[in-house]
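Listed below are the residues making up each chain.
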Amino acid sequence: QVQLVESGGGLVQAGGSLRLSCAVSGRLFSTIAMGWYRQAPGKQRELVAFITIGGSTNYADSVKGRSTISRDNAKNTVYLQMNSLKPEDTAVYYCKVTRVGDVYWGQGTQVTVSS
């Protein structure tokens with residue numbers, strides 16, 4: 001099993017920054033990628049960014065240039081640094097771990113950006 005615990009969400013003014021963290025524990029062999037998704041009220045969950053086990057990254061166009069995904073292998077933690085936040089970034093942010101044959105999700109952390 002794999003457990004994911006997200007933290008770092010909160011209320012921030014437009015233009016501000018937040019760093020989300022996702023601490024991952026459990027059986028991490030065969031991990032392919034780790035990523036962040038978000039879901040705003042009334043909308044589908046969407047990809048924000050992911051990082052592969054080889055270190056390649058990919059970002060949604062909506063956050064490209066404003067966000068950076070990174071990981072600390074020693075701490076088994078993946079981070080999402082978000083800058084220049086906009087009200088449309090308001091959502092619940094979920095961490096996801098993809099292993100061969102399995103997908104695991106965290107419980108989510110709320111990010112609210114006020115205008």
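For the structure itself, look to the data block above.
The paragraphs below set out a description of the structure included in this document.

Conventions and cut-offs
Residues numbered from 1 in each chain as written. Predicted model: local features only at pLDDT ≥ 70, side-chain atom pairs only at ≥ 80, totals over all residues. Heavy atoms only, no water. Helix = DSSP H or I, 4+ residues; strand = E, 2+ residues; numbered from the N terminus. Buried < 20%, exposed > 50% of the residue type's maximum accessible area, 1.4 Å probe, protein only. Lys, Arg positive; Asp, Glu negative; His and termini not counted. Salt bridge = Lys/Arg side-chain N within 4 Å of Asp/Glu carboxyl O. Polar contact = N/O pair within 3.5 Å; in protein donor to acceptor, adjacent residues only side chain to side chain. Contact = heavy atoms within 4.5 Å. Pairing = 2+ DSSP bridges. Axes fitted to C-alpha atoms, helices over the stretch in contact; angles between N-to-C directions.

Take the side chain of E6 next. You can see E6 is positioned in strand 1 (residues 2-7). Look at E6: it is buried, it has no salt bridge, and the nearest opposite charge is R45 at 7.6 Å. At 2.6 Å, the side chain of E6 and the backbone nitrogen of C95 are in polar contact. One polar contact links the side chain of E6 to the main-chain amide nitrogen of Q107, over a distance of 2.9 Å. Setting aside anything within four residues of it in sequence, one finds E6 in contact with S21, C22, W36, Y93, Y94, C95, G106, Q107, G108 and T109.

Turning to the pattern of salt bridges, a few remarks are in order. If you walk through the whole model with that rule in mind, you get five salt bridges. Across the pair D61 and K64 runs a salt bridge, and its minimum N-O distance is 3.1 Å. Residue classification places D61 among the exposed residues on the basis of a relative accessible area of 65%. The residue R66 makes a salt bridge to D89 at a minimum N-O spacing of 2.8 Å. Here D89 lies in the loop between strand 8 (77-82) and strand 9 (91-99) and R66 lies in the loop between strand 6 (57-59) and strand 7 (67-72), a separation of 23 residues in the sequence. The exposure class assigned to D89 is buried, which follows from its relative accessible area of 1%. One connected set of salt bridges, linked through shared partners, spans R38, E46, R66 and D89.

Time to look at the sheet that holds strand 7. Read from one edge to the other, the open sheet built from four strands follows the order 1-3-8-7, with strand pairing classed as antiparallel. Looking at the sheet topology across the chains shown, the edges are occupied by strand 1 and strand 7. Within this sheet the neighbouring strands show an average axis-to-axis angle of 15 degrees, counted without direction. Summarising the sheet, strand 1 and strand 3 (residues 18-26) pair through six bridges and their orientation is antiparallel. In the sheet register, E6 faces strand 3, and the bridge partner there is C22.

Purely geometric stuff here, so don't read any function into it on its own.
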